[in-house]
Amino acid sequence: MAEVRAELAAFFLRRDNADDSERVAKEALQLDDDSSEAHRVLGMLYAARSEDTGRGQAAQAAAAELVKQGIAHLERVTENPAGLTDLNLQYTLGRLYTR
């Protein structure tokens, strides 16, 4: 059931439906905390959101928190051998490390 939820979250993300994607990915992680797909979805989502927080001190703090969450989720994906070969994931993780 967790894998179905994770795939649905990925579908929502591809359709630019970030709110539903985040909600469903979190549901998948409640069912299976090791779901690589759910972690990938949340990591990519938080990485994208971290670049669109606006200006000012509060926005910078929000962006820093999103970067932290994005890194945590994407690092969980790299624990899986398939995550090591996902170049988009590796590139995004590298971008987050440098922010």
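Bear in mind that the values here come from a model prediction, so they are computed numbers and not experimental data.

Enquirer: An account of the overall build of the chain is needed here, citing residue identities and associated values.
Expert: Along its length, the chain carries six helices and zero strands. Overall size of the chain, expressed as C-alpha extent along the three principal axes, is 40 × 25 × 20 Å. A burial count over the chain gives 38% of its 99 residues as buried. Sequence-distant contacts in the chain: of pairs separated by 6 or more residues, those separated by 24 or more amount to 53%. Averaging the coordinates of the 12 positive side-chain charges in the chain and doing the same for the 17 negative ones gives two points 5 Å apart.

Enquirer: Summarise the side chain of S50; cite the residues concerned and give the values.
Expert: Among the secondary structure elements, S50 is positioned in helix α3 (residues 36-50). Looking at S50, its side chain comes within polar contact range of the main-chain oxygen of A47, at 2.7 Å. The contact partners of S50, leaving out residues within four places of it in the chain, are A63, L66, V67, L96 and R99.

Enquirer: If you had to explain the pattern of salt bridges to someone new, which residues and values would you point to?
Expert: Any two side chains of opposite charge can pair, so long as their charged atoms come close to each other. One pass over the structure, following the stated rule, counts eleven salt bridges. Across the pair D19 and R49 runs a salt bridge whose closest N-O atoms are separated by 3.3 Å. Taken as a pair, D19 in helix α2 (residues 18-31) and R49 in helix α3 lie far apart in primary sequence, 30 residues in all. Since its relative accessible area comes to 24%, R49 is described here as partly exposed. The closest approach of N and O atoms between E22 and R49, which form a salt bridge, is 2.8 Å. Residue E22 is found in helix α2, and its partner R49 is found in helix α3; the two are separated by 27 residues along the sequence. By sharing partners, the salt bridges in this structure join R5, D20, R23 and E27 into a single network.

Enquirer: Tell me what's going on with helix α6 (residues 87-97), and back it up with residues and numbers.
Expert: Three or more residues of α6 are buried, namely L89, T92, L93 and L96. Angularly, the buried residues of α6 cover 100° about the axis, an arc narrow enough to put them on a single face. Away from the buried face of α6 by more than 90 degrees, exposed residues L87 and Y91 are located. Looking at the buried positions of α6, the neighbouring elements they touch are α3, α4 (57-78) and α5 (81-84). For α6, the N-terminal capping position is held by D86, with its side-chain oxygen 3.2 Å away from the main-chain nitrogen of N88.

Enquirer: Give a detailed account of the side chain of S21, specifying residues and quantitative values.
Expert: Locating S21 in the fold gives a position in helix α2. Look past the residues within four positions of S21 in its chain and what remains in contact with it is A9, F12, L13 and V41.

Enquirer: So, the nonpolar core: which residues are in play, and what are the values?
Expert: Core analysis: the largest hydrophobic core is formed by 13 residues, its most contacted members being A9, A25, A38, V41 and L42. For this core, the secondary-structure elements that each account for two or more residues are α1 (2-14), α2 and α3. With residues near it in sequence (within four places) discarded, A38 still touches A6, A25, A28 and L29. Residues M44, V67, L89 and L93 belong to the second largest nonpolar core, which totals nine residues.

Quick notes on the rules
Residues numbered from 1 in each chain as written. Predicted model: local features only at pLDDT ≥ 70, side-chain atom pairs only at ≥ 80, totals over all residues. Heavy atoms only, no water. Helix = DSSP H or I, 4+ residues; strand = E, 2+ residues; numbered from the N terminus. Buried < 20%, exposed > 50% of the residue type's maximum accessible area, 1.4 Å probe, protein only. Contact = heavy atoms within 4.5 Å. Lys, Arg positive; Asp, Glu negative; His and termini not counted. Charge placed at Lys NZ, Arg CZ, Asp CG, Glu CD. Polar contact = N/O pair within 3.5 Å; in protein donor to acceptor, adjacent residues only side chain to side chain. Salt bridge = Lys/Arg side-chain N within 4 Å of Asp/Glu carboxyl O. Arc of directions from axis to C-beta. Core = buried A, V, L, I, M, F, W, Y, C linked by side-chain atoms within 4.5 Å.

As far as function goes, none of this settles anything; it's purely spatial.
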